[in-house]
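# Structural overview for review
Residues per chain, in single letters:
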Amino acid sequence: MSDKVRPRILKGMRDLPPEQMRARREMIDKIRIVYERYGFAPLETPTLEYVDALGKFLPEADQPDGGIFAFRDEDREWIALRYDLTAPLSRYFAMNKATLPRPYRRYQVGPVFRMEKPGPGRYREFYQFDFDSVGTSSMLADAEACMVMCDALEALGIEAGEYMVRVNNRKVLNGVLERVAGGDTLPPEVTHQVLRSIDKLDRLGIEGVAALLGPGRKDESGDVMKGVGLSVDQIKIVVGYLTAESATRMNVCDELESLIGESAIGREGIAELREIDTALTAGGFGEDRVVFDPTVVRGLAYYTGPVFEADLTVEIVDGSGRPRQFGSVFGGGRYDDLIARFTGEKVPATGASLGVDRLLAALIELGKIDAEPATAKVLVTRLDKNLTAEYQKIAGELRSAGINTELYVGKQGIGKQFKYASATGKTVCVVLGEDEMGKGEVSIKDLRLGDELSKEIGADRKKWLEEQPAQLSVPRLGIAESVREVLARYSSN
RNA sequence: GCCGGUGUAGCUCAGUUGGCUAGAGCGCCUGACUGUGGAUCAGGAGGCCUCGGGUUCGAGUCCCGACAUCGGUACCA
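Residues numbered from 1 in each chain as written. Chains lettered and ligands numbered in written order. Predicted model: local features only at pLDDT ≥ 70, side-chain atom pairs only at ≥ 80, totals over all residues. Heavy atoms only, no water.

## A short note on the sheet that holds strand E6 (residues 78-81)
Short version of the rule: A pair of strands is considered paired only if DSSP assigns at least 2 bridges between the two. Counting from the N terminus, the helices are DSSP H or I runs at least four residues long and the strands are E runs at least two residues long. To get an axis, fit a line to the C-alpha atoms, keeping to the stretch in contact for a helix; angles then go from 0 to 180 degrees between the N-to-C directions.
Sheet architecture is open: three strands sit in the order E2-E6-E5, paired in antiparallel fashion. Only two strands of the sheet have a single partner each, and these edge strands are strand E2 (48-50) and strand E5 (70-72). Between one strand axis and the next, the sheet turns by 35 degrees as a mean value, whatever way the strands run. Judged from the three bridges that link them, E2 and E6 form a sheet pairing that is antiparallel. What sits directly across from Tyr 50, in E6, is Ile 79.

## A short note on unusual backbone geometry
Short version of the rule: Only protein chains enter the accessibility calculation, which uses a 1.4 Å probe; a residue whose area is less than 20% of its type maximum is buried, one above 50% is exposed, and one in between is partly exposed.
Cis geometry is found at the peptide bond from Arg 102 to Pro 103, where omega equals -5 degrees. For Pro 103, the location among the structural elements is in the loop between helix H3 (86-95) and strand E7 (104-113). The backbone of Arg 76 shows a phi angle near 65 degrees, a positive value even though the residue is not glycine. Given the relative accessible area of 56%, Arg 76 is considered exposed.

## Thoughts on the side chain of Ser 197
With respect to the helices and strands, Ser 197 occurs in helix H6 (residues 188-199). Exposure remark for Ser 197: the relative accessible area of 5% places this residue in the buried category.

## Comments concerning the confidence of the model for chain A
The condition is simple: For every residue, the pLDDT score states the predictor's confidence, bounded by 0 at the bottom and 100 at the top.
This prediction gives chain A a mean pLDDT of 88; 93% of its residues lie at or above 70. The complex prediction reports pTM at 0.90, with the ipTM value standing at 0.85.

## Comments concerning the state of the cysteines
To keep it simple, the criterion reads: For the purposes of this analysis, a disulfide is any pair of cysteine sulfur atoms at a distance within 2.5 Å.
Under the definition given, this model contains zero disulfides. We note that Cys 146 lacks a disulfide partner, and the nearest cysteine sulfur, in Cys 150, lies 7.1 Å from it. Of all cysteine sulfurs, the one in Cys 146 lies closest to Cys 253, which takes part in no disulfide; the gap is 13 Å. On the accessibility criterion, Cys 253 (0% relative accessible area) is buried.

## A few points about the packing of helix H5 (residues 170-180) against helix H10 (residues 264-282)
Note the cut-off: Any angle that falls under 35 degrees is termed roughly parallel, while one over 145 is termed roughly antiparallel, one within 65 to 115 roughly perpendicular, and all others oblique. Definitions for this section: a left-handed crossing has its near helix turned counterclockwise from the far helix by less than a right angle. A right-handed crossing has that turn clockwise. Working rule for contacts: check all heavy atoms of both residues, and any pair within 4.5 Å makes them a contact.
Their axes nearest at 7 Å, the elements H5 and H10 cross at an angle of 155 degrees. By the angle class used here, H5 and H10 are roughly antiparallel. Helix-helix and strand crossings are classified by hand; for H5 and H10 the assignment is left-handed. Within the contact between the two elements, H5 uses Lys 171, Val 172, Asn 174, Gly 175 and Glu 178 and H10 uses Ala 264, Ile 265, Gly 266, Glu 268, Gly 269, Ile 270, Glu 272 and Leu 273.

## A short note on helix H12 (residues 356-366)
Of the residues making up H12, those classed as buried are Val 356, Asp 357, Leu 359, Leu 360, Ala 362 and Leu 363. A positive backbone phi angle near 70 degrees is found at Gly 367, which sits one or two residues after H12.

## A closer look at the protein's contact with RNA strand B
Defined as follows: Whether a residue is near a molecule or strand is decided by its heavy atoms; if any one of them lies within 4 Å of it, the residue is near. Under this definition, polar contacts are N or O atom pairs within 3.5 Å; protein pairs additionally need one hydrogen-donor-capable and one acceptor-capable atom, and for neighbouring residues in sequence, both atoms have to be side-chain atoms. Polar here means any residue outside two lists: the nonpolar Ala, Val, Leu, Ile, Met, Phe, Trp, Tyr, Cys and Pro, and the charged Asp, Glu, Lys and Arg; Gly therefore counts as polar.
Around RNA strand B, the surrounding shell holds 45 residues, and the nearest of these are Lys 200, Met 225, Leu 300, Asp 435 and Gly 450. Considering RNA strand B, the proportion of its atoms within 4 Å of the protein that are sugar or phosphate atoms stands at 50%. Between RNA strand B and the protein, one listed contact pairs a phosphate oxygen with a side-chain N or O atom of Arg 196 at 2.6 Å. Elements that contribute at least two residues to the surface near RNA strand B include exactly H6, helix H14 (414-423), helix H15 (434-439), helix H16 (447-453) and helix H17 (461-467). The element that contributes the greatest number of residues to the surface near RNA strand B is H14, accounting for six residues. Taken together, the residues that form the surface near RNA strand B break down as 15 nonpolar, twelve polar and 18 charged.

## Regarding the domain arrangement of chain A
Many analyses report the size of an interface as the accessible area lost when the parts associate. What counts is decided by this rule: Segmentation into domains, and thus their bounds, comes from an automatic or database assignment.
With domains assigned, chain A is organised as domain 1 (18-366) and domain 2 (378-488). Here domain 1 and domain 2 have C-alpha centroids that lie 52 Å from each other.

## Examining helix H13 (residues 388-400)
Since there are 3.6 residues in each turn of an α-helix, residues three or four apart along the chain are aligned in direction. Counted only if it meets this: How far a helix is expected to stretch is found by multiplying one less than its residue total by 1.5 Å. What the arc describes is the spread of directions from the helix axis to the C-beta atoms.
Look at H13: 18 Å from first C-alpha to last across 13 residues, which is about the 18 Å you get at 1.5 Å a residue. Those residues of H13 lying buried are Glu 390, Tyr 391, Ile 394, Ala 395 and Leu 398. Axial view of H13: buried residues confined to an arc of 140 degrees, hence all on one face. In H13, the exposed positions that point more than 90 degrees away from the buried face belong to Ala 389 and Ser 400. On its buried face, H13 is in contact with strand E18 (378-380), strand E19 (405-407), strand E20 (428-431), H15, strand E21 (441-446) and helix H18 (479-488). Just past H13, the residue Gly 402 takes up positive phi, approximately 85 degrees.

Structure follows, in structure tokens:
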């Protein structure tokens, strides 16, 4: 028997190696710049919250809802890891509403936790990057949210045409449902079912959704899915709404108007969309980047007005050659009732949330970000351990010159040191021995060039080694400049 | 959660109708090469064959269960 501990990792969680850490940090930095350019300011809240603040308490069961990581503290109070950044923002705003400016605009990035089935690109711990405007009901805030989404994606190298921000309004949806109910309101659970069915549109197609709204449908595996049970006429209204497409945002509004009829809430929603269109147009955001799309619902129950979602429209092929769907990477909307849970006072708010890890995976697949593990590109090797003091001096000089430099601190010979250098992503090795010392020189080895040239190394390795075409001798005094020159051959930025 | 596929070395996979010491490629390590990674050659390490039961003289191979993983479906604040 063994008393050793078996190393394990929690389901749906992962360790991030250096190249992913660096890629993610780079991505977050670029987005932060955009958020700040619009005046959003940083906020950080704890990862743990009381369950009631997250709003996921199940009173009947005296237990938190499934789907979150929860436990009890020493006072038997339920505590949970946050599952998004919006609920903590609401809590924070409610606690500080007396002193916070209105609108209060903050951004926040950090890990959130959900106990769901993990899948490719789906984890139980992942990063979200949110920005929100709290305390204004102006549609300018919603329009701006769309602009920020566009700017953020474009800052990451995803250009107009490779993504699309799609906007809808829950109020319009409610107006349609009002018509479905014949001027009445549908029971909440029916509303919810209808929304869920619409949400499956991209997967099932319009016929599939129609079937779901009516009697239900069978999928290929023979599984029966219960339908909502609407009548043919009712389904017709919903389908007509979902298929309302037009060339321009204004045309979509016109078309929706005729579908909505007299519904007051629906008309309000359309008026809001028109305001958003005006702001977007004035801001220079055309139909190539932001469209109005009646099929956008967003699962979240708390949205009360405009909802928006950014999808990648470029085809992404994964390593094994099959196309990968990244779906919505960025989404949000208006949630005017969320903060009232704490304050009683209605505080309008709107914002959006970026799925950092999912978008990062897409960026890597698209080659828009390089997953570079090395923080230092230069390794000062230690050919002759007696010259260590000199090596330290060289490393120090390079660092003073602003060049990230690693001094080899292992104990192995020069061959292993070069191996180590390429394994850790170095591009330059500094080599110095008695020979160079005597001549007042140092050797600089270009590992990448060596990589290239080694393809034609052939059988005569000895000769190749003597020539060392990827290596050059430079004066010891100008070392920083020389290293910088070699590095410059590969600097991509 | 439900349905289906798959679980053999770090990775990708072989493994004949159940039958001797479980294999390959890549990677890794060591050496040829005492001042040079990538080439070549030679060697080497590394396997509770996912786990637990069962059938059998005998199980990596068959049966049951668990777990993991992948895909579909449901849920998704």
